[in-house]
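Chain residues, written in single-letter form:
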Amino acid sequence: MADKVKFELVAPEKLLLSEDVAMVVVPGVEGNFGVLPGHALLISTVRPGIIDVYADDQRSVSQRIFVSGGFAEVTPERCTVLADEALPVGEIDRSVAESEAKEAESRLAGLKDQAARATGDDKSEALAQLRTAERHLAAAQAKLEALLAAAH
Amino acid sequence: MASLKDLRNRIRSVRSTQKITSAMKMVAASRLRRAQEQALAARPYAERMERMLGSLAANLRNQPNAPRLLAGTGKDETHLLLVATSDRGLAGGFNASILREARRTLRSLQRDGKTVKLFTIGRKGRDALRRDHIKLIVESLTEIGRPRLTFANAEDIAARLVERFEAGEFDVCTVIFNRFKSAISQIVTRQQLIPFAVPEGADKDKADVKGAIYEFEPEEDEILAGLLPRNLAVQIFTALLENGASEQGARMTAMDNATRNAGEMIDRLNITYNRSRQAAITKELIEIISGAEAL
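Residues numbered from 1 in each chain as written. Chains lettered and ligands numbered in written order. Predicted model: local features only at pLDDT ≥ 70, side-chain atom pairs only at ≥ 80, totals over all residues. Heavy atoms only, no water.

When its secondary structure is counted, chain B shows seven helices and six strands. Its helices and strands in sequence order give chain B the pattern α-α-β-α-β-α-β-α-β-β-α-β-α, from N to C terminus. Here chain B has a C-alpha radius of gyration of 28 Å; the compact-globule value for 295 residues is 19 Å, and the former is much larger. Dimensions along the principal axes, computed over C-alpha positions, put chain B at roughly 115 × 40 × 30 Å. Across the 295 residues of chain B, 43% fall into the buried class. Counting only contacts in chain B whose residues sit at least 6 apart along the sequence, the fraction spanning at least 24 positions is 76%. Only carbon and sulfur atoms are counted for the fraction: they give 51% of the accessible area of chain B, which is about 15800 Å². One finds the centroid of the 47 positive side-chain charges in chain B at a distance of 10 Å from the centroid of its 37 negative side-chain charges. (Helix = DSSP H or I, 4+ residues; strand = E, 2+ residues; numbered from the N terminus. Rg over C-alpha atoms; globule rule 2.2 N^0.38 Å. Buried < 20%, exposed > 50% of the residue type's maximum accessible area, 1.4 Å probe, protein only. Contact = heavy atoms within 4.5 Å. Areas by Shrake-Rupley, 256 points an atom, 1.4 Å probe, with all protein chains shown as cover. Lys, Arg positive; Asp, Glu negative; His and termini not counted. Charge placed at Lys NZ, Arg CZ, Asp CG, Glu CD.)

Structure representation (structure tokens):
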């Protein structure tokens, strides 16, 4: 393949990856999408999941990276992913991911309780917290799933 | 004239001060390197975010249902100043320059009949502004980013801002901090956070892909609703990182000067000490000799 697309993966604290690749598959909110050179202009929200990087050809995955969410911008020449948190699948620690999921779950339960009882201003705040907790839980669960998928 | 013992004490005390300042200088130098690296590492994300937002915002800005974080409240009455200072002093003019700018901005806004509120980050800023403007301070945070500033810190501040903004407490938010240029030069910078100011370069960048229209997944406004608060956090994060590097740079320079001054002072004191010791010896000799002569 002569044509490559410039793929960049950035987290708030640093640039994680910047290289020319044949294809990347990004988990968008409305489904995974593959980016090849010459892709149409696109801006999408990224859901928690795994980014597959195909460095040399479109057949073999060279890198799998877990992202907990973020945004992606695609132009014909490049694909930029602004991740909230990113971690190569190989580096996910099972016990950490499990405890994160458990913690998120228990907090969610507590918040649900709180939201049900709160009124007025407190209510909207509690609901906002609830949504954040839900997101954390989804991210933690996606991390676990990624781990299982990698094990197979 | 100070006695010899006084001089000796004085020299000893200056010497120990010098030891402290030179140690502080070295600590600041190593922290500076770390802070600089961190600031540098965070830059790509901020740049990409700006680019993405630039291409999005230009499309949406003038629509009636544009998010308020982008379009503003349509008013310009209440300003919130986010004053970012350090927790520790002894950093040369670092805090003073930020505070001077903050006060100047505050006065000029008040002259124009605006309401001003203050949000301080860092102990120094809080303590100084509390003296004259205690009623204006709505929130103060200290000890942010110890031992290390993380993105979560910035997100927390951004969330507090958005909450106040949504509650209609202010129309415009500006951050005042020191942009890091080099260890000896920091530039006080004022940057508007809310409503988000689309950078100049964005339009030019857009011209490259002229006529091309982005596809959005999900809808534009939905993405923007997620992107804007995040961008706010990114900008705060960048500002705090720059501030952190500036603080260490300013401290390093200040401590370097202090160390050098202490060295000079020790030299001077040593000369005085040696002279007066010599004078005392001479005086004693004269006394002995004239005593012997008188016999």
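Continuing now.
Right, let's talk about the confidence of the model for chain B for a bit. All names here are of chain B. Mean pLDDT for chain B: 87, with 92% of residues reaching 70 or above. For chain B, the element scoring lowest by mean pLDDT is helix 6 (residues 201-208), at 47; helix 3 (residues 94-111) scores highest, at 94. Per-residue pLDDT stays below 50 along residues 202-211; that stretch engages in five contacts with residues further than four places along the chain or on separate chains. For this predicted complex, the interface confidence comes out at an ipTM of 0.72, alongside a pTM of 0.82. (pLDDT = per-residue confidence, 0-100.)

On the surface, a cluster of negative charge is contributed by Glu 30 of chain A together with Glu 219, Asp 221 and Glu 222 of chain B. Inspection of the secondary structure puts Glu 222 of chain B in helix 7 (residues 220-294). (Patch = residues over 30% accessible without salt bridge, like charges linked within 9 Å, V, L, I, M, F, W, Y side chains within 5 Å. Salt bridge = Lys/Arg side-chain N within 4 Å of Asp/Glu carboxyl O.)

All names here are of chain A. Domain annotation of chain A identifies domain 1 (5-89) and domain 2 (92-151). For domain 1 versus domain 2, the separation of C-alpha centres amounts to 25 Å. If you look at the interface, domain 1 gives ten residues, while domain 2 gives nine residues. Summed over both sides, the interface between domain 1 and domain 2 buries roughly 690 Å², with carbon and sulfur atoms accounting for 73% of that surface. Its largest share of buried area at the contact with domain 2, domain 1 owes to Pro 48, Phe 66 and Val 89, together 57% of the area lost on that side. (Domains from an automatic or database assignment. Buried area = accessible area lost by both parts, 1.4 Å probe.)

Turning our attention to a positive patch on the surface. Together, Lys 14 of chain A together with Arg 31, Arg 33, Arg 34 and Arg 148 of chain B make up a region of like positive charge exposed at the surface. No other element matches the three residues that helix 1 (residues 4-60) of chain B contributes to the positive patch. With respect to the helices, strands and loops of the structure, Arg 148 of chain B is situated in the loop between strand 3 (137-141) and helix 5 (151-166).

Further remarks concern the packing of aromatic side chains. All names here are of chain B. Scanning the entire structure with this criterion turns up three aromatic pairs over all chains. Judged by centre distance (6.4 Å) and plane angle (65°), the ring pair of Tyr 45 and Phe 151 falls under edge-to-face. Here Phe 151 lies in helix 5 and Tyr 45 lies in helix 1, a separation of 106 residues in the sequence. The burial state of Tyr 45 is the same as that of Phe 151; both residues are buried. (Phe/Tyr/Trp six-rings, centres within 6.5 Å; stacked < 30°, edge-to-face > 60°.)

What follows concerns the interface of chain A and chain B. In this complex, chain A contributes 28 residues to the contact, which on the side of chain B involves 26 residues. Taking both partners together, chain A and chain B bury about 2400 Å²; carbon and sulfur atoms supply 63% of that area. Together, Glu 13, Leu 41 and Ile 43 of chain A form the three largest contributors to the area buried by chain A at its contact with chain B, with a combined 30%. Linking chain A with chain B are three salt bridges, by the criterion used here. Notably, a salt bridge pairs Asp 84 of chain A with Arg 230 of chain B, separated by 3.0 Å at the nearest N-O pair.

Residue and element names in this part refer to chain A. In terms of burial, strand 6 (residues 49-54) is a largely internal element, six of the six residues being buried. Two elements, strand 3 (residues 23-28) and strand 6, share three bridges in a ladder whose sense is antiparallel. Within the sheet, the bridge partner assigned to Val 25 lies in strand 6 and is Asp 52. Looking at chain direction, strand 6 and strand 7 (residues 63-67) are connected through five bridges and run antiparallel. When the bridges of strand 7 are listed, Ile 50 appears paired with Phe 66. (Pairing = 2+ DSSP bridges.)

Residue and element names in this part refer to chain B. Running from N to C, helix 5 and helix 7 point in directions that differ by 125°, and their axes come no closer than 8 Å. The orientation of helix 5 with respect to helix 7, classified from their angle, is oblique. Note on packing geometry: the crossing formed by helix 5 with helix 7 is right-handed. Between helix 5, through Phe 151, Ala 154, Glu 155, Ile 157, Ala 158, Leu 161 and Val 162, and helix 7, the contact on the second element is made entirely by Pro 229, Arg 230, Leu 232, Ala 233, Val 234, Ile 236, Phe 237 and Leu 240. (Axes fitted to C-alpha atoms, helices over the stretch in contact; angles between N-to-C directions. Parallel < 35°, antiparallel > 145°, perpendicular 65-115°, else oblique. Left-handed = near helix turned anticlockwise from the far one by under 90°.)

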